[in-house]
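Single-letter residue listing:
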Amino acid sequence: MSLDFLPVITGWDDLLRGALVTIEITSASLLLGSVLGLLFGIGRLDKSKKLRYGVCSTYVIFIRGTPLIVQLFLLFFGLPEFDILLPAFVCGVLGLGIYSGAYISEIVRGAIQSVEKGQMEAARSLGMSAGTAMRTIILPQALVRMIPPLGNEFIALIKNSALVSLLTIADLMHEGQKIISVSYRSLEVYLAIALMYLILTSATSMILQRIEKHLRAGGAVQ
Amino acid sequence: MNQAIMKLRGVGKSFSGNRILHGINLDVLPSQVIVIIGPSGSGKSTLLRCCNGLEVAEEGNIEICTQKLLTDGRMLVDHDLNHFREQVGMVFQSFNLFPHLSVLGNVTVGPRKILGVDKHEADTLALALLTKVGLAHKADAMPATLSGGQKQRVAIARALAMKPKVMLFDEPTSALDPELVGEVLQVMKALANEGMTMLVVTHEMGFAQEVADVVVVMDQGRIVEAGPPEKIFVNPNEERTRSFLQAVLTRNTPTGGA
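Residues numbered from 1 in each chain as written. Chains lettered and ligands numbered in written order. Predicted model: local features only at pLDDT ≥ 70, side-chain atom pairs only at ≥ 80, totals over all residues. Heavy atoms only, no water.

Looking at the overall build of chain A
1) Next: When you go through chain A residue by residue, the secondary structure sums to nine helices and zero strands.
2) Next: Here the C-alpha coordinates of chain A stretch approximately 70 × 50 × 25 Å along the principal axes.
3) Next: Once local pairs closer than 6 in sequence are excluded, the contacts in chain A between residues at least 24 apart make up 74%.
4) Next: Only carbon and sulfur atoms are counted for the fraction: they give 69% of the accessible area of chain A, which is about 11500 Å².
5) Next: Positive and negative side-chain charges in chain A, numbering 18 and 15 respectively, have mean positions lying 15 Å apart. (Helix = DSSP H or I, 4+ residues; strand = E, 2+ residues; numbered from the N terminus. Contact = heavy atoms within 4.5 Å. Areas by Shrake-Rupley, 256 points an atom, 1.4 Å probe, with all protein chains shown as cover. Lys, Arg positive; Asp, Glu negative; His and termini not counted. Charge placed at Lys NZ, Arg CZ, Asp CG, Glu CD.)

Here's the deal with the sheet that holds strand 2 (residues 18–28) of chain B
Residue and element names in this part refer to chain B.
1) Next: If you walk across this open sheet you meet the five strands as 2-1-4-5-6, and the pairing is antiparallel. Of all strands in the sheet, those with a lone pairing partner are strand 2 and strand 6 (74–75), marking the two edges.
2) Next: As paired strands, strand 4 (residues 59–64) and strand 5 (residues 67–71) are joined by three bridges and run antiparallel to one another. Each bridged residue has a counterpart across the sheet, and for I62 the counterpart in strand 5 is L70. (Pairing = 2+ DSSP bridges.)

Things to note about the pairing of strand 7 (residues 88–91) of chain B
Residue and element names in this part refer to chain B.
1) Next: In strand 7, alternate side chains face the same way, and those of V88 and M90 on one face and G89 and V91 on the other are all buried.
2) Next: The pairing of strand 7 with strand 8 (residues 166–170) spans four bridges and is parallel. Within the sheet, the bridge partner assigned to M90 lies in strand 8 and is L168. (Buried < 20%, exposed > 50% of the residue type's maximum accessible area, 1.4 Å probe, protein only.)

Description of the environment of A:S2
1) Next: Note on placement: A:S2 falls in the segment before helix 1 (6–10).
2) Next: Sequence separation between A:S2 and A:A170 is 168 residues, and the spatial gap between their C-alpha atoms is 29 Å.

Thoughts on the pattern of salt bridges
All names here are of chain A.
1) Next: What the rule picks out here adds up to 18 salt bridges over all chains.
2) Next: Notably, a salt bridge pairs E116 with R145, separated by 3.9 Å at the nearest N-O pair. In this pair, E116 is assigned in the loop between helix 5 (88–114) and helix 6 (117–126) and R145 in helix 7 (residues 130–160), connecting sequence segments 29 residues apart.
3) Next: Taken together, the shared-partner salt bridges in this structure form one network comprising R44, R64, E106 and R109. (Salt bridge = Lys/Arg side-chain N within 4 Å of Asp/Glu carboxyl O.)

Observations concerning the packing of helix 8 (residues 172–183) of chain A against helix 9 (residues 186–217) of chain A
Residues and elements named next belong to chain A.
1) Next: Interhelical geometry of helix 8 versus helix 9 gives an angle of 165° and a closest axis separation of 9 Å. Accordingly, the angle class assigned to the pair helix 8 and helix 9 is roughly antiparallel. Note on packing geometry: the crossing formed by helix 8 with helix 9 is right-handed. For the pair helix 8 and helix 9, contact is made by L172, M173, G176, Q177, I179 and I180 and by S186, V189, Y190, I193, M196 and Y197, respectively.
2) Next: Its residues assigned to classes, the contact of helix 8 with helix 9 shows nine nonpolar, three polar and no charged. (Axes fitted to C-alpha atoms, helices over the stretch in contact; angles between N-to-C directions. Parallel < 35°, antiparallel > 145°, perpendicular 65-115°, else oblique. Left-handed = near helix turned anticlockwise from the far one by under 90°. Nonpolar A, V, L, I, M, F, W, Y, C, P; charged D, E, K, R; others polar.)

Some thoughts on the interface of chain B and chain A
1) Next: Listed as interface residues are 24 residues of chain B and, on the opposing side, 20 residues of chain A.
2) Next: Its largest share of buried area at the contact with chain A, chain B owes to B:F98, B:P99 and B:H100, together 30% of the area lost on that side.
3) Next: Counting across the chain B and chain A interface gives one salt bridge.
4) Next: One salt bridge in this structure joins B:R49 and A:E121, with 2.6 Å as the shortest N-O distance.
5) Next: Our enumeration of links across chain B and chain A arrives at five residue pairs in polar contact (both at pLDDT 80 or more).
6) Next: For the side of chain B that touches chain A, the secondary-structure elements that each account for two or more residues are helix 2 (78–86), strand 7, helix 3 (103–115) and helix 5 (148–160) of chain B.
7) Next: Residue contributions to the side of chain B that touches chain A peak at four residues, all from helix 3 of chain B.
8) Next: Along the lines of polarity and charge, the residues of the side of chain B that touches chain A split into 14 nonpolar, five polar and five charged. (Buried area = accessible area lost by both parts, 1.4 Å probe. Polar contact = N/O pair within 3.5 Å; in protein donor to acceptor, adjacent residues only side chain to side chain.)

Here you go:
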């Protein structure tokens, strides 16, 4: 067996451009997923608000229970049936964002529920409204506890983003496959792609560890 | 009596079929210190928590400072309940300080977020209160670095920052190491001397004897008897009171003397 990395070197610019698209699409999905996760996570905390709880639970059940690739195809090939034509990039961000939002909502819910009951009681006994207590007392504590599981989720999102190459988005995976289609050097190119994903995921987890360490040092967590 | 600052009438509550409180009647006059004692499970903490709506009583009436918290078993909700709670300070057994805020932040968060007081004014008030509980030098410390006694004193300052008319204490010293109990009781004593109206659930019989105007004895969700400490501790009417006090006092003083 002989390895030939020449196609990787000549196609380096394309791979970098693809990596940039991967970073863009995961950042945008991450933002969307976090917002959705926060809203739906909080929505699942109060079972007495039946409608809200029902909507939030249905969302989590549907999104977690079906393959991401099917969800992406529904957006990309299904929506045009209703004359909704979204650019591929938007479909990718929506699909990934909605998908990770379901998982993040569970992280948010778990973190909020892990804050001692006495914190809410103390806040409410001062006269705070439920909303103010959530914003100023509960969420700041919950956020710190969310960081480790969020790190996992962000890394999964980066890796899952490779699927959007199937929506014709020119991400890292897509650029790699283009190089393979003319050079036939699958092993070398996929190795190079794997390494680039590894760099992206490692950098993400390092940044999150820094943030967590900083918050803990600041005394935000006991 | 009509000038009572706190009026409880026929307050009752049950938890999944179990009766926790039976027809509680209690009047608290301004500046009075009421100490509630009784065996565990007697409903004294629940009664206290009903007085600021942390627990929902289903029967009776609760009125504090002419505001009705509970009217024939119906409790205030939302904005009215929040507003009601501003007047009733609460101190918990487990302190419940906000761990992500400094000591100063803990004391100022109420006035700033609820009353909209500006930072400078809130800080000034908080420092005055922290001085009062002997912890001004800890203003910038995080709660995790404090001892239990210090935490509870901060919690008292935090409650006082809302300028409550009534203070509720739910076993404020029960989670403390014995040598730290004194500093908390001292702060409470000073507060009582300033004329704060206080409702205290405690097992500190010494405190009850020294500070209480009225001692209320509870058992199985009822008030067994209530009276001045001289009467309750020396010559109670009820056998139940006598046996409870005997059990508590022999435990507290191993030599046997009360």
